[in-house]
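Architecture and fold: a report
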Amino acid sequence: MNVRRVESISAQLEEASSTGDNVEDELEMATVRHRPEALELLEAQSKFTKKELQILYRGFKNECPSGVVNEDTFKEIYSQFFPQGDSTTYAHFLFNAFDTDHNGAVSFEDFIKGLSILLRGTVQELNWAFNLYDINDGYITKEEMLDIMKAIYDMMGKCTYPVLKEDAPRQHVETFFQKMDKNKDGVVTIDEFIESCQKDENIMRSMQLFENVI
């Protein structure tokens, strides 16, 4: 299921290569309440090509004609990708990570910058991923990471194969903390987080949750 979804998104992005410049014109001449930045600037600030940005903008504008999306709408859109589970909690965490200026709305720019890091980010950009786990206090506790993991497993639903054990989220968290909590004080700081990801490619891959669950 996950592989098919990733392939589907990749196919949609590839479709952009065959489109004309009408989307770019629409982007630059937009009259919606929130005017997006020029494609060239977004291309420089992300790891998406101009054509990929065009297809992503078309889909975003179709769902959010005003140019911004609030949390309720974001949850509704996200739930369409996971009809077999409950994506509400994970969508809440993800929305907060996308909403970098904490104004209760995600613009196309916010969406692209966050998506770029989640799908194609480097170790140097892990602050964003850290903020997804760190809910409110500047470091990651086991409880915070467990909340995220439970949200992901809820979103995946009961239709995964192989069937996930009920204690799988907690086991996942324990494995992370064994590798990340260097001084064994029960919390993971941003420095410990980045150092662990730099040293362990498996951690880096598993931290890219968006690719795993989309």
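Computed from a predicted structure; not experimentally measured.

Remarks on unusual backbone geometry
Non-glycine residue His 102 carries a positive phi angle of around 55 degrees. For His 102, the location among the structural elements is in the loop between α6 (88-98) and β2 (105-107). Since its relative accessible area comes to 66%, His 102 is described here as exposed. Phi is positive for Lys 184, which is not a glycine, with a value near 55 degrees. The topology assignment puts Lys 184 in the loop between α10 (168-180) and β4 (187-188). Lys 184 gets classed as exposed once you look at its relative accessible area, which sits at 57%.

Some remarks on the packing of aromatic side chains
Under the criterion given, the structure shown has eight aromatic pairs. Ring geometry for Phe 60 versus Phe 111: centroids 5.6 Å apart, planes at 35 degrees, classification tilted. Of this pair, Phe 60 sits in helix α4 (residues 50-63) while Phe 111 is found in helix α7 (residues 108-120), placing the two residues 51 residues apart along the sequence. Residue classification places Phe 60 among the buried residues on the basis of a relative accessible area of 9%. Arranged with centres 5.7 Å apart and planes meeting at 45 degrees, the rings of Phe 98 and Phe 111 form a pair that is tilted. Taken together, the residues Phe 98 in helix α6 and Phe 111 in helix α7 connect sequence positions 13 residues apart. Both residues of the pair, Phe 98 and Phe 111, belong to the buried class.

Describing the pattern of salt bridges
Counted according to the given criterion, the structure contains three salt bridges. As a salt-bridge pair, Glu 40 and Lys 50 come within 3.6 Å of each other at their nearest N and O atoms. In this pair, Glu 40 sits in helix α3 (residues 39-45) while Lys 50 sits in helix α4, placing the two residues 10 residues apart along the sequence. For Lys 75, the salt bridge goes to Glu 71, with nearest N and O atoms at 3.2 Å. Taken together, the positions of Lys 75 and Glu 71, both in helix α5 (residues 71-79) and four residues apart, correspond to about one turn of that helix.

Comments concerning the confidence of the model for the protein
Of the residues in the protein, 71% reach a pLDDT of 70 or more, and the chain-wide mean stands at 75. Below a pLDDT of 50 lies the segment residues 1-10, which in the model reaches 10 contacts outside its immediate sequence neighbourhood of four places, other chains included. With pLDDT under 50 throughout, residues 209-214 is counted as low confidence; its partners more than four residues away or in other chains account for 26 contacts.

What counts as what
Residues numbered from 1 in each chain as written. Predicted model: local features only at pLDDT ≥ 70, side-chain atom pairs only at ≥ 80, totals over all residues. Heavy atoms only, no water. Helix = DSSP H or I, 4+ residues; strand = E, 2+ residues; numbered from the N terminus. Buried < 20%, exposed > 50% of the residue type's maximum accessible area, 1.4 Å probe, protein only. Phe/Tyr/Trp six-rings, centres within 6.5 Å; stacked < 30°, edge-to-face > 60°. Salt bridge = Lys/Arg side-chain N within 4 Å of Asp/Glu carboxyl O. pLDDT = per-residue confidence, 0-100. Contact = heavy atoms within 4.5 Å.

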